[in-house]
Every structure is written in C-alpha cells, then in structure tokens.
Amino acid sequence: MRRLWTRTALLLAFVPVIASAQIKDLDSAMSNLTRGFGSGDAQAIVAGIADGDQVMLQFPGIIDQNGYFGRDQAAYLLDGLFNKVKPTGFEQLSARKVSAEGQYHITAAWTIQNGGKTEARDLYITLRNKNGAWSIASVRSASK
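Moving on, we get to the packing of aromatic side chains. This model, assessed by the stated rule, comprises six aromatic pairs. Clustering of aromatic rings is evident, with ring pairs tying together Phe37, Phe59, Phe82, Phe90 and Trp110.

For Pro60, the location among the structural elements is in the loop between β1 (55-58) and β2 (67-69). The sequence separation of Pro60 and Ser143 amounts to 83 residues, and the corresponding C-alpha distance is 8.5 Å.

Moving on to helix α4 (residues 71-84). Relative to the 20 Å expected for 14 residues at 1.5 Å per residue, α4 spans 20 Å between its end C-alpha atoms, a close match to the ideal helical length. Restricting attention to buried positions, one finds in α4 the residues Ala74, Ala75, Leu77, Leu78, Leu81 and Phe82. Structurally, α4 contributes buried residues whose contacts are with α2 (26-39), α3 (42-46), β1, β2, β3 (85-98) and β4 (103-114).

Glycine aside, residues mostly have negative phi, and peptide bonds are mostly found in the trans state. Located in the positive-phi region is Asn131, a residue other than glycine, with phi close to 55°. Structurally, Asn131 is set in the loop between β5 (117-130) and β6 (133-143).

What counts and what doesn't
Residues numbered from 1 in each chain as written. Predicted model: local features only at pLDDT ≥ 70, side-chain atom pairs only at ≥ 80, totals over all residues. Heavy atoms only, no water. Phe/Tyr/Trp six-rings, centres within 6.5 Å; stacked < 30°, edge-to-face > 60°. Helix = DSSP H or I, 4+ residues; strand = E, 2+ residues; numbered from the N terminus. Expected span 1.5 Å × (residues − 1). Buried < 20%, exposed > 50% of the residue type's maximum accessible area, 1.4 Å probe, protein only. Contact = heavy atoms within 4.5 Å.

Fair warning: the whole summary comes from geometry, so function is off the table for now.
Spelled out as structure tokens, the structure:
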C-alpha cells in the first residue's frame, strides 16, 4: 500500500496544477468588479481573469499602458492605476447578455479622484463565458 502512495505522490508531483480564476456566476463577477473598481481592490478584479488568458485594458488619459495583458501583468497595471487614482464609486448602468458570442457587456459609471479632482468616467466591461464560467475579456474606460 505504501508503494502505491509513493507512486501516486510522484505522479502527482509532475502533473501541472491548473488554477482557474474564472467566476462561476454573474452575481459573483459583478460583486468582484464592484469591489475592485469601487474601492481600488486590484485582486478582486484579477480574480476574474483566467490563467493563460489575455485581457484588454484601456484607461486613456489616466495611464499610458494599454493593450492585452496576462493575469500577472494586469495585476501590476491595476495596482499602478489604483496608486495613481483613488476610486470612490462604481455603479452598473446597464448589462446585456449576448448569448451567441458567449459574452456579457456591462456599462458602469466609475468615479475616481485624479490629482485631487473628482472625475466621472464610463467603464465598458466585457465578460466571456468559457466552459460554464465567466472571465474578464476587456475593460475600457472613457471620460464623460
């Protein structure tokens, strides 16, 4: 019996563990986005980026880096964003499921403190459904 456990342990040591950062339901995804963009919690947002996926991030006029980023890069970029601006509010304005594309489109009002001034922006967030779980595909910001 001990030999079987040893073999199993050795086998498992060489099997890569895949950690999924996808979110099982839309309510949890919205809760994470609200916490993340409402209070500057980058990890709440990154929880919705699947390992191995690239997410489009655009925050023109706030930070210069825009484009597709992996999970670790997105965490770094969002930490830098929240060190520059202080989020003070996030409110979902609309949400639309596009079943044919396996996507969910969210429009939200985002309020930040930028250089000591209150600034209202729109956020356009796209979630995608892969294998029954939701992950962030893109986040774009626009000034009002």
